[in-house]
Amino acid sequence: MLWWRSAPFSVVHDELVLFTGLYPHLASARDNAVVRDIRVGGTKSVELLVELLEERGLACRPLGLIEPDSYRLPGIPHRDMTHLQEACSQAELVPCTRVLEAAVKAARR
(Lines give C-alpha, C1' and ligand atoms only; values in the text may rest on other atoms or scores of the structure.)
Protein backbone atom coordinates (compact mmCIF):
# COMPACT_ATOMS: atom_id res chain seq x y z
CA MET A 1 0.00 0.00 0.00
CA LEU A 2 1.24 3.40 -0.86
CA TRP A 3 -0.04 6.86 -0.10
CA TRP A 4 0.11 9.19 -3.05
CA ARG A 5 -0.76 12.83 -2.63
CA SER A 6 -2.38 11.99 0.70
CA ALA A 7 -4.56 9.30 -0.86
CA PRO A 8 -4.17 5.58 -0.23
CA PHE A 9 -2.88 3.75 -3.27
CA SER A 10 -2.64 -0.04 -3.38
CA VAL A 11 -0.20 -1.91 -5.62
CA VAL A 12 -0.89 -5.63 -5.77
CA HIS A 13 -0.27 -8.07 -8.63
CA ASP A 14 -0.78 -5.35 -11.25
CA GLU A 15 -4.19 -4.62 -9.73
CA LEU A 16 -3.87 -0.97 -8.78
CA VAL A 17 -6.49 0.81 -6.71
CA LEU A 18 -6.49 4.52 -5.87
CA PHE A 19 -8.81 5.89 -3.20
CA THR A 20 -9.46 9.62 -3.38
CA GLY A 21 -10.63 11.28 -0.21
CA LEU A 22 -12.74 13.93 -1.94
CA TYR A 23 -15.40 13.39 -4.59
CA PRO A 24 -14.45 16.57 -6.51
CA HIS A 25 -10.98 15.03 -7.07
CA LEU A 26 -12.46 11.95 -8.76
CA ALA A 27 -12.69 13.44 -12.27
CA SER A 28 -9.16 14.84 -12.08
CA ALA A 29 -7.80 11.55 -10.77
CA ARG A 30 -9.48 9.65 -13.59
CA ASP A 31 -8.12 12.09 -16.16
CA ASN A 32 -4.54 12.04 -14.86
CA ALA A 33 -3.93 8.67 -13.21
CA VAL A 34 -2.47 5.59 -14.83
CA VAL A 35 -4.64 3.57 -12.44
CA ARG A 36 -7.93 2.28 -13.82
CA ASP A 37 -9.65 1.43 -10.53
CA ILE A 38 -10.21 4.78 -8.79
CA ARG A 39 -12.66 4.91 -5.91
CA VAL A 40 -14.01 7.64 -3.67
CA GLY A 41 -13.20 6.76 -0.09
CA GLY A 42 -14.06 10.04 1.56
CA THR A 43 -13.72 9.86 5.31
CA LYS A 44 -13.71 6.07 5.03
CA SER A 45 -10.61 5.80 2.80
CA VAL A 46 -8.55 4.10 5.50
CA GLU A 47 -11.31 1.61 6.32
CA LEU A 48 -11.75 0.75 2.63
CA LEU A 49 -7.99 0.41 2.20
CA VAL A 50 -7.71 -1.90 5.23
CA GLU A 51 -10.58 -4.03 3.86
CA LEU A 52 -8.78 -4.28 0.51
CA LEU A 53 -5.50 -5.22 2.19
CA GLU A 54 -7.26 -7.88 4.28
CA GLU A 55 -9.05 -9.30 1.21
CA ARG A 56 -5.68 -9.60 -0.53
CA GLY A 57 -3.88 -11.00 2.51
CA LEU A 58 -1.61 -7.96 2.81
CA ALA A 59 -2.71 -6.37 6.08
CA CYS A 60 0.26 -7.88 7.95
CA ARG A 61 2.85 -7.36 5.22
CA PRO A 62 5.29 -4.45 4.87
CA LEU A 63 3.48 -1.41 3.46
CA GLY A 64 5.31 1.32 1.56
CA LEU A 65 4.10 4.86 2.20
CA ILE A 66 4.53 7.53 -0.47
CA GLU A 67 3.49 11.01 0.55
CA PRO A 68 2.92 14.08 -1.68
CA ASP A 69 6.65 14.94 -1.65
CA SER A 70 9.54 15.12 0.78
CA TYR A 71 9.06 18.88 1.21
CA ARG A 72 5.65 18.38 2.84
CA LEU A 73 6.31 15.52 5.22
CA PRO A 74 4.23 14.32 6.89
CA GLY A 75 1.57 14.47 4.20
CA ILE A 76 -0.66 11.74 5.59
CA PRO A 77 -3.07 13.23 8.11
CA HIS A 78 -2.22 12.18 11.68
CA ARG A 79 -5.70 10.75 12.27
CA ASP A 80 -5.45 8.58 9.15
CA MET A 81 -1.94 7.41 9.99
CA THR A 82 -2.98 6.49 13.53
CA HIS A 83 -5.99 4.60 12.22
CA LEU A 84 -3.86 2.75 9.67
CA GLN A 85 -1.26 1.85 12.31
CA GLU A 86 -3.98 0.51 14.61
CA ALA A 87 -5.78 -1.42 11.86
CA CYS A 88 -2.55 -2.93 10.48
CA SER A 89 -0.67 -3.27 13.75
CA GLN A 90 1.26 -6.31 12.48
CA ALA A 91 2.43 -4.50 9.32
CA GLU A 92 5.69 -2.62 8.98
CA LEU A 93 4.98 0.85 7.58
CA VAL A 94 7.96 1.80 5.41
CA PRO A 95 8.54 5.42 4.34
CA CYS A 96 9.19 5.36 0.57
CA THR A 97 8.68 8.97 -0.53
CA ARG A 98 12.37 9.76 -0.98
CA VAL A 99 13.03 6.42 -2.69
CA LEU A 100 10.35 7.14 -5.30
CA GLU A 101 11.59 10.70 -5.78
CA ALA A 102 15.13 9.41 -6.38
CA ALA A 103 13.85 6.84 -8.89
CA VAL A 104 11.86 9.47 -10.77
CA LYS A 105 14.84 11.83 -10.79
CA ALA A 106 17.15 9.07 -12.11
CA ALA A 107 14.63 8.14 -14.80
CA ARG A 108 14.53 11.73 -16.04
CA ARG A 109 18.28 11.82 -16.65
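For every chain, the first residue of the written sequence is number 1, and numbering continues from 1 onward in sequence order. Where totals are concerned, whole chains, interfaces and linings use all residues; where local detail is concerned, this predicted model gives features only for residues with pLDDT of at least 70, and gives and counts side-chain atom pairs only at 80 or more. To get the side-chain values, all heavy atoms of the structure are used, and hydrogens and water are removed first.

A. The overall build of the protein chain, seen in detail. Every helix listed is a DSSP run of H or I at least four residues long, and every strand listed is a run of E at least two residues long, numbered separately from the N terminus. Regarding its fold elements, the protein chain presents four helices and six strands. The buried share of the protein chain, taken over its 109 residues, is 38%. Contacts are assigned to residue pairs that have any heavy atoms within 4.5 Å of one another. For the protein chain, restricting intrachain contacts to residue pairs at least 6 apart in sequence, the fraction spanning at least 24 positions comes to 59%. Only the protein chains shown count as cover for residues, with accessible areas throughout obtained via the Shrake-Rupley method and a probe of 1.4 Å. In the structure as shown, the protein chain presents an accessible area of about 7,300 Å², 52% of it carried by carbon and sulfur atoms. The buried label goes to any residue with under 20% of its type's maximum accessible area, the exposed label to any with over 50%, and the partly exposed label to all in between, with areas taken from a 1.4 Å probe on protein chains only.

B. A negative patch on the surface, seen in detail. Patch definition: residues with relative accessible area over 30% and no salt bridge; like charges joined within 9 Å; nonpolar side chains (Val, Leu, Ile, Met, Phe, Trp, Tyr) joined within 5 Å. Counted as salt bridges are all cases of a side-chain nitrogen of Lys or Arg within 4 Å of a carboxyl oxygen of Asp or Glu. By the counting rule applied here, Lys and Arg register as positive and Asp and Glu as negative, while His and the ends of each chain are not counted. Note that the charge is assigned to NZ on lysines, CZ on arginines, CG on aspartates and CD on glutamates. On the surface, Glu-47, Glu-51, Glu-54 and Glu-55 cluster together into a patch of negative charge. Locating Glu-47 in the fold gives a position in helix α2 (residues 45-55). By relative accessible area, Glu-47 is classed as partly exposed at 30%.

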